[in-house]
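The chain contents come next:
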Amino acid sequence: EGENAVQVTARDRFAREGHDSRTLKLDTQPPQVIIVQPGEGDYTAETAVTVSGGVIDASPVTLHVEGVLATLDGSAFTATGVPVGNGPSITLHAIAEDAAGNTGEDTVTIHVDRTPPTVAIDSPREGAYVKGPVLQVEGTVQDDSQAPVNVDVNGQPASVSGTPCRRLAVKAYS
């Protein structure tokens, strides 16, 4: 690793010599790459994401994420507009190549979810007369992903349990 001198000497039949030399940098180590964002298992509804992280190497590097050239700022990289397809999950590959041709890689798998959850109110029924001011609302919310689902009823948080069809219950104040 590091600098190495190469010297070449040529002699003709009269013992005259010609010389040339070069200093070369031996680099056998691949770049070290780490993806920081998005995180492993993150969810997105976007068609393209920004991928950022770090890369360390002894020589200059170029880095691509799914074919998108990343910008480098010191040891930090950012690749914007990285396509994620339709999912339901995709593994993003950040591949760095150094000046010697060594490659290093990191991967992260994210989930793509572009479908909103469905909600059904079971109780009270449509048009029902209620005594109030506290109202018990029950029903279901279903989301194809395993990501957390937050449910509000008239601005009040509802408790949700079960998967994949989750029950909800809340006391909402009017």
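If you're wondering where the values come from, they're calculated on a predicted model, not measured in any experiment. (Residues numbered from 1 in each chain as written. Predicted model: local features only at pLDDT ≥ 70, side-chain atom pairs only at ≥ 80, totals over all residues. Heavy atoms only, no water.)

## Describing unusual backbone geometry
- The amide bond that connects glutamine 37 to the next residue, proline 38, takes the cis arrangement and shows omega of 0°.
- On the secondary structure map, proline 38 appears in the loop between β3 (32-37) and β4 (43-44).
- Cis geometry marks the peptide bond from glycine 87 to proline 88; its omega dihedral reads 15°.
- On the secondary structure map, proline 88 appears in the loop between β9 (76-83) and β10 (89-98).
- A positive phi is found at alanine 15, a non-glycine position, where the angle reads about 70°.
- The backbone of glutamate 66 sits at a positive phi, close to 50°, despite the residue not being glycine.
- Along the chain, the position of glutamate 66 falls in the loop between β6 (61-65) and β7 (68-69). (Helix = DSSP H or I, 4+ residues; strand = E, 2+ residues; numbered from the N terminus.)

## So, the layout of surface pockets
- In this model, the largest pocket occupies a volume close to 240 Å³.
- Forming the walls of the largest pocket are 15 residues, and the residues nearest its centre are Ile121, Pro124, Leu135, Val137 and Val153.
- Those elements that place two or more of their residues in the lining of the largest pocket are β12 (118-123), β13 (134-142) and β14 (152-153).
- Across the lining of the largest pocket, the residue classes break down as ten nonpolar, two polar and three charged. (1 Å grid on protein atoms, 1.4 Å probe; cavity = no way out; pocket = protein on both sides within 12 Å on 5 of 7 lines; lining within 4 Å. Points joined across faces, edges and corners; volume = space filled by probe spheres on them. Nonpolar A, V, L, I, M, F, W, Y, C, P; charged D, E, K, R; others polar.)

## Let's talk about the side chain of asparagine 102
- Examined against the element boundaries, asparagine 102 turns out to sit in the loop between β10 and β11 (103-112).
- Residue classification places asparagine 102 among the buried residues on the basis of a relative accessible area of 17%.
- There is a polar contact of 2.8 Å between the side chain of asparagine 102 and the backbone oxygen of aspartate 27. (Buried < 20%, exposed > 50% of the residue type's maximum accessible area, 1.4 Å probe, protein only. Polar contact = N/O pair within 3.5 Å; in protein donor to acceptor, adjacent residues only side chain to side chain.)

## Things to note about the environment of alanine 99
- With respect to the secondary-structure elements, alanine 99 resides in the loop between β10 and β11.
- On the basis of relative accessibility, which here comes to 62%, the residue alanine 99 falls in the exposed class.
- Separated by 41 residues in the primary sequence, alanine 99 and alanine 58 place their C-alpha atoms 9.0 Å from one another.
- Discounting chain neighbours no more than four positions away, the residues touching alanine 99 are Ser59 and Pro60. (Contact = heavy atoms within 4.5 Å.)

## Remarks on the sheet that holds β6
- Taking strand neighbours across the sheet as the criterion, the five strands line up as β4-β11-β10-β6-β7 in an open arrangement whose pairing is mixed. Every interior strand has two partners, whereas the edge strands, β4 and β7, have only one.
- Taken together, the two bridges between β6 and β7 define a ladder with antiparallel strand orientation. The residue of β7 that forms the bridge with histidine 64 is leucine 69. (Pairing = 2+ DSSP bridges.)

## A short note on a nonpolar patch on the surface
- A cluster of nonpolar side chains, namely Val6, Val8 and Leu24, defines an oily patch on the protein surface of about 240 Å² accessible area.
- You can see valine 8 is positioned in strand β1 (residues 2-11). (Patch = residues over 30% accessible without salt bridge, like charges linked within 9 Å, V, L, I, M, F, W, Y side chains within 5 Å. Areas by Shrake-Rupley, 256 points an atom, 1.4 Å probe, with all protein chains shown as cover. Salt bridge = Lys/Arg side-chain N within 4 Å of Asp/Glu carboxyl O.)

## Brief notes about the environment of proline 83
- By the secondary structure assignment, proline 83 is in strand β9.
- Excluding anything up to four places from it in sequence, proline 83 contacts Thr47, Ala48, Val68, Ile90 and Leu92.

## Describing the nonpolar core
- Val51, Leu63, Val65, Phe77, Val82 and Leu92 are the most contacted members of the largest nonpolar core, which has 21 residues in total.
- For this core, the elements supplying multiple residues, two or more each, are β3, β5 (48-56), β6, β9, β10 and β11.
- Here this core gets four residues from one element, more than from any other, and that element is β10.
- With sequence-adjacent residues up to four places away left out, leucine 63 is seen in contact with Val33, Val55, Val68, Leu69, Ala70, Phe77, Ala94, Ile95 and Ala96.
- Counting six residues, the second-largest nonpolar core is a separate cluster that includes Val137, Val141, Val151 and Val153. (Core = buried A, V, L, I, M, F, W, Y, C linked by side-chain atoms within 4.5 Å.)

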